[in-house]
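# Summary of the model geometry
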Amino acid sequence: MQHNLVVYNTLTRKKEKFEPIHSNLVGMYVCGPTVYSDVHLGNCRTFVSFDLIFRYLLHLGYKVRYVRNITDAGHLEGDNDEGDDKFAKKAKLMQLEPMEIVQKYTLGFHDVLRMFNTLPPSIEPTATGHISEQIEMVQQIIENGYAYEVNGTVYFDVDKYVKEHNYTILTNRNLEDLLNNTRELGGQDEKKGRLDFALWIKAKPEHIMQWPAPWSVGFPGWHIECSAMSRKYLGDQFDIHGGGMDLAATHHTNEIAQSEACNHVQPAKYWMHTNMLTVNGARMSKSAGNGFLPGELFTGDHPLLEKGYSPMAVRFFMLQAHYRSTLDFSNEALDAAEKGYKRLMTAIALLDKITPSGKTKIDVDLSEVRAKCHAAMDDDFNSPILIAELFEVVRLINSIYDGKQQVNATTLEQIKQLMKEFVFDIMGLKDDQLGGNNQDIEGLMDLVIAMRNEAKQNKDFATSDRIRQELSAIGIQLKDSKDGTLWNKI
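What counts, and where the lines are drawn
Residues numbered from 1 in each chain as written. Predicted model: local features only at pLDDT ≥ 70, side-chain atom pairs only at ≥ 80, totals over all residues. Heavy atoms only, no water. UniProt positions renumbered as here; feature names shortened; annotations may be inferred. Domains from an automatic or database assignment. Contact = heavy atoms within 4.5 Å. Buried area = accessible area lost by both parts, 1.4 Å probe. Salt bridge = Lys/Arg side-chain N within 4 Å of Asp/Glu carboxyl O. Helix = DSSP H or I, 4+ residues; strand = E, 2+ residues; numbered from the N terminus. Buried < 20%, exposed > 50% of the residue type's maximum accessible area, 1.4 Å probe, protein only. Expected span 1.5 Å × (residues − 1). Arc of directions from axis to C-beta. Phe/Tyr/Trp six-rings, centres within 6.5 Å; stacked < 30°, edge-to-face > 60°. Lys NZ or Arg CZ within 6 Å of the ring centre and 35° of its normal. Pairing = 2+ DSSP bridges.

The protein chain has the name Cysteine--tRNA ligase in an unreviewed UniProt entry, where Sphingobacterium yanglingense is given as its organism. As stated in UniProt under Subunit (unreviewed entry), the record for the protein chain gives "Monomer." According to its UniProt record, the protein chain has this under Subcellular location (unreviewed entry): "Cytoplasm".

Here it is, written out as structure tokens:
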């Protein structure tokens, strides 16, 4: 397949030409949410970013198997196999069954991603639905000599692994520094080494979610689920593994170790990570009091927000930053993104109101613009550059609508197709400015314009002007022309 796509590979710390293992097939695994609470914006930024990547790979003609898991078991409060199970703790607090917690927040997660207009993954496996695969993988790792069992809990032997493999290959961290930053083992600690992590955990009697395994009745460690499920649906080695950058140091590092210990091969050819969110320059977190949920961002119901923003305006805001760049939330930045999004949607809406002429006379080379749009996306999915190129087309559309430039029917169709492909199909935006049924809106506006025209004919200019002013106040602009009164969103 011919293309010029390059991607930044965290594993090699450089951009590389994208060459999938199988010529026209792409296997992509992205770490999904732990569904014990509402999905947060950091998660959403990751999933919107990989939705852009998924859409562009489809656009290039690849058949993509996109796997995104749901963690519904095995995630303890501390990433070092410590603390209470997140699901059990929440279930006790809310006096619900753990799977009621899972169902509630999985449905909420899907609702939020639908609002962001993300495509569903090809497969969305759950940890609880793949216990047998995880047990099988743990058994294989033990047989290969990279894990040991103590009192019913199975640990990965990092000391044994590092004698033959580079444990920190993904982050390039110094192993000695890593050890120095890890607490000493206490006298009661079962682990042989400070960096060892649990593959299977023996359940305490009060632990609600537990399954029988050869070593004990227990539950899987957090890291093993992604190794087991990616292996099942994408094979021992696949093309892309993605997630937030916060997963690289521990979760993804341990995934690589598990998979290599089991399958004797690196699991993914390209590792891709999205960057963090900040709020007014400070890292977003619940403890700092500057974290807000997607619903609060949409309604504006948060002390840090001056108003709410539509899901598409927020998606546009996210895409204005490259997925590997920090994304800083502020009211000013969101306002600017909202205005940019509205300008883009307004221009696209104008295309259906333009009457083509017999010839084309424009100051833009559309084939060159298309090439630049592809070049932006081919450069590690550079959505900010893509948006800049598309606003050249926005300028052109407004100029044509104002009668300053001309297009024939063929050129007009080329502009429509360009915007459809890059704005709707690849960037995943849609026009949500007015909401509701577009045909109903068209009919309503026809009625309002007819009433205004009747007022003008009756020389009731006060009513005519008031209709124009009231529409302008809610973001609808009227423009009188020789073809009649046209309207657009501003």
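Continuing now.
### Looking at the domain arrangement of the protein chain
Parsing the protein chain into structural domains produces domain 1 (6-274), domain 2 (278-424) and domain 3 (438-489). A straight line from the C-alpha centre of domain 1 to that of domain 2 covers 34 Å. Counting residues at the interface gives 27 residues for domain 1 and 30 residues for domain 2. Here domain 1 packs against domain 2, burying approximately 2,600 Å² in sum over the two surfaces, 67% of which is carbon and sulfur. Broken down residue by residue, the surface that domain 1 buries against domain 2 is led by L41, R45 and Y56, which jointly contribute 28%. Our enumeration of links across domain 1 and domain 2 arrives at two salt bridges. A salt bridge links R315 to D51; its shortest N-O distance comes to 2.7 Å.

### Observations concerning the pattern of salt bridges
Scanning all chains against the criterion turns up 17 salt bridges. In this structure, R55 and D51 form a salt bridge, with 2.8 Å as the shortest nitrogen-oxygen distance. Of this pair, R55 and D51 both sit in helix α1 (residues 41-59), four residues apart, which is roughly one turn of that helix. Both residues of the pair, R55 and D51, count as buried. The salt bridge involving E338 is made with K307; its shortest N-O contact spans 2.5 Å.

### Let's talk about helix α16 (residues 461-473)
Relative to the 18 Å expected for 13 residues at 1.5 Å per residue, α16 spans 18 Å between its end C-alpha atoms, a close match to the ideal helical length. Within α16 the residues assigned to the buried category are S464, I467 and L471. What you see down the axis of α16 is that its buried residues fit within an arc of 60°, all on one side. Among the exposed residues of α16, those pointing more than 90 degrees away from its buried face are A462, R466, Q469 and A473. G475 sits one or two residues past α16 and shows a positive phi near 90°.

### Remarks on the packing of aromatic side chains
Enumeration over the complete set of coordinates arrives at 16 aromatic pairs. For the pair F116 and F298, a centre-to-centre distance of 5.5 Å together with 65° between the ring planes defines the contact as edge-to-face. Of this pair, F116 sits in the loop between α3 (98-115) and α4 (131-143) while F298 sits in helix α9 (residues 294-299), and the two are 182 residues apart along the sequence. Given the relative accessible area of 15%, F298 is considered buried. Linked through ring pairs, Y146, F156, Y161, Y167 and F197 together constitute an aromatic cluster. Seen from the ring of Y146, K160 lies directly overhead, with NZ or CZ sitting 5.1 Å from the centre. Lying across the ring of Y8, R324 places its NZ or CZ 4.2 Å from the centre.

### Let's talk about the sheet that holds strand β10 (residues 211-212)
Spatial strand order, β7-β8-β9-β11-β10: five strands in an open sheet with antiparallel pairing. Strands at the two margins of the open sheet, each flanked by one partner only, are β7 (147-150) and β10. Bridge count for β7 against strand β8 (residues 153-156) is four bridges, and the pairing is antiparallel. Pairing of V150 across the sheet is with T153, part of β8.

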